[in-house]
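# A look at the structure
Below are the chains, spelled out letter by letter.
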Amino acid sequence: MNVPRPHPADSPIGVFDSGVGGLSVLRHIRAQLPAEHLLYFADTGHAPYGDKTEAFVVARALAVTAFLLDLGAKALVVACNTATVAAIKAVRARYPQLPVVGVEPGLKPAAAASRNGKVGVLATARTLKGDKFLQLREQVTASTGATFLLQPAVGLVDQIELGDLQAPAIAALLEQYVAPLLDQGADTLVLGCTHYPFVRSGIEQVLAAHGRTDVALIDTGDAVARQLVRLLDTAALLRPASPDSAATLHGYTTARPAALSAAFRALLDLDPPVAEADV
Ligand code: DGL
């Protein structure tokens, strides 16, 4: 007997990050692709990626991708700047047929938004050291003449993962990392890590305290979701909206499911099923 196989467009999209940061990308994906089934993987048991070696991040990205493909993912979003810079090449080499979208610090839109050509880039240490990032910086500098001031935000991801976005420790780190960029004349700041949009209001408070509410903040979550729409469309993998089969969302984590559930509630006001993944 022939068992009917689901149409590939009905398969889910896999989205992953080292932790909760990718939820800032997931919200744009849900807004632009409300009919898609989604799998969100938080590799919290191995976070942060930002202070690990490139080889470690590559190994994690490949392991997580294999897990999401086992669950039937038709496409992958690497919702993490650090993993994109370190590992997207390895993921694409291993799975050449798989539509893959990554997140890179938005240097191009930042150079376009800047009036004085001075752009601060907040990202993890691993992102700012990565060849892929350094090549992007060289390219955008050559084509726009912008100067990029690089600021590793060491420790900020760990604090955001703790869940209290109003914590004084977060405010102190934001002051420590943003103030020197303002002192050097930056009029535009790139949020080069998917965790940082969740502390956008804390960054705005630092800007206000320095009398610099004119500074633009650049986040690429929306552009990443648009790129995903384009890729799925080209591959004829967009799932049509259907009134009798709602889109689903499932969470997976390498740490405590309760912690990811709490993040879904606090950051996106969602309550999907969350399971622990032994990856
Ligand atoms: N959200 C990841 C990024 O975009 C955080 C990396 C980390 O775990 O340090 O870079």
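Coordinates for the structure precede this section.
What you see is a predicted model; the values in this text were computed from it and never measured.

## Focus: the overall build of the protein chain
Across its full length, the protein chain carries 11 helices and 10 strands. The C-alpha atoms of the protein chain give a radius of gyration of 19 Å, which matches the 19 Å a tight globule of 279 residues would have. C-alpha extents for the protein chain along the principal axes are approximately 70 × 40 × 40 Å. Within the protein chain, the proportion of its 279 residues that are buried is 51%. In the protein chain, once contacts between residues fewer than 6 apart in sequence are set aside, the share between residues at least 24 apart is 77%. Summing over all exposed atoms, the protein chain offers an accessible surface of approximately 12500 Å²; the carbon and sulfur share of this is 53%.

## Observations regarding the nonpolar core
Ranked by internal contacts, the top residues of the largest apolar core, which has 29 residues, are Leu 23, Leu 26, Ile 29, Val 77 and Phe 264. If you look at the next biggest cluster of nonpolar residues, it comprises 25 residues, including Leu 156, Val 157, Leu 173 and Tyr 196.

## Observations concerning the sheet that holds strand 1 (residues 13-17)
Sheet architecture is open: 6 strands sit in the order 4-3-1-2-9-10, paired in parallel fashion. In this open sheet, the two strands that pair with only one neighbour each are strand 4 (100-102) and strand 10 (274-276). Strand-to-strand twist in this sheet, taken as the mean axis angle between neighbours without regard to direction, amounts to 20°. In the sheet, strand 9 (residues 249-253) pairs with strand 10 via 3 bridges, with the strands oriented parallel. Counterpart to Gly 251 in the pairing with strand 10 is Val 274.

## Side note on the pairing of strand 2 (residues 38-42)
Burial analysis of strand 2 places 5 of its 5 residues in the buried class, the great majority of the element. Here strand 2 shows no split at all, with Leu 38, Tyr 40 and Ala 42 on one side and Leu 39 and Phe 41 on the other all buried. Pairing of strand 1 with strand 2, which is carried by 5 bridges, proceeds in the parallel orientation. Among the inter-strand pairings, Asp 17 is bridged to a residue of strand 2, identified as Ala 42. In this fold, strand 1 hands off to helix 1 (residues 23-32), which returns the chain to strand 2; that crossover is right-handed. Direction of pairing for strand 2 relative to strand 9: parallel, over a ladder of 5 bridges. Bridge pairing in strand 9 links Phe 41 to Tyr 252.

## So, the site of the ligand
Of all residues adjacent to the ligand, which total 13 residues, the nearest are Ser 18, Tyr 49, Gly 50, Thr 82 and Thr 194. Here a nitrogen atom of the ligand sits 2.7 Å away from a polar atom, N or O, in the side chain of Thr 194. His 195 places a side-chain nitrogen or oxygen 2.8 Å from a nitrogen atom of the ligand. Within the complex, 99% of the 300 Å² of free accessible area of the ligand lies under protein. Class assignment for the residues of the shell around the ligand results in 5 nonpolar, 7 polar and 1 charged.

## Looking at the packing of helix 1 against helix 11 (residues 257-268)
It is the contact of helix 1 with helix 11, at a shortest axis distance of 11 Å, that shows an interaxial angle of 60°. Judged on the interaxial angle alone, helix 11 and helix 1 are oblique. The element helix 1 and its partner helix 11 pack so that their crossing is right-handed. Contact residues: helix 1 offers Leu 23, Leu 26 and Arg 27, while helix 11 offers Ala 263, Phe 264, Leu 267 and Leu 268. Taken together, the residues of the contact of helix 1 with helix 11 sort by class into 6 nonpolar, no polar and 1 charged.

## Description of the sheet that holds strand 5 (residues 118-123)
In sheet architecture, strand pairing relies on hydrogen bonds along the backbone and comes in two forms, parallel and antiparallel. Strand order in the open sheet formed by 4 strands is 6-5-7-8, and the pairing between neighbours is parallel. The sheet is open, and its two borders are formed by strand 6 (147-152) and strand 8 (216-218), each paired with just one other strand. Adjacent strand axes in the sheet meet at a mean angle of 25°, parallel and antiparallel pairs treated alike. Looking at chain direction, strand 5 and strand 7 (residues 188-191) are connected through 4 bridges and run parallel. Paired with Val 121 across the strands is Val 190, a residue of strand 7.

Criteria and thresholds
- Residues numbered from 1 in each chain as written.
- Predicted model: local features only at pLDDT ≥ 70, side-chain atom pairs only at ≥ 80, totals over all residues.
- Heavy atoms only, no water.
- Helix = DSSP H or I, 4+ residues; strand = E, 2+ residues; numbered from the N terminus.
- Rg over C-alpha atoms; globule rule 2.2 N^0.38 Å.
- Buried < 20%, exposed > 50% of the residue type's maximum accessible area, 1.4 Å probe, protein only.
- Contact = heavy atoms within 4.5 Å.
- Areas by Shrake-Rupley, 256 points an atom, 1.4 Å probe, with all protein chains shown as cover.
- Core = buried A, V, L, I, M, F, W, Y, C linked by side-chain atoms within 4.5 Å.
- Pairing = 2+ DSSP bridges.
- Axes fitted to C-alpha atoms, helices over the stretch in contact; angles between N-to-C directions.
- Right-handed = clockwise from strand over helix to strand, strands pointing away.
- Near = heavy atom within 4 Å.
- Polar contact = N/O pair within 3.5 Å; in protein donor to acceptor, adjacent residues only side chain to side chain.
- Nonpolar A, V, L, I, M, F, W, Y, C, P; charged D, E, K, R; others polar.
- Parallel < 35°, antiparallel > 145°, perpendicular 65-115°, else oblique.
- Left-handed = near helix turned anticlockwise from the far one by under 90°.

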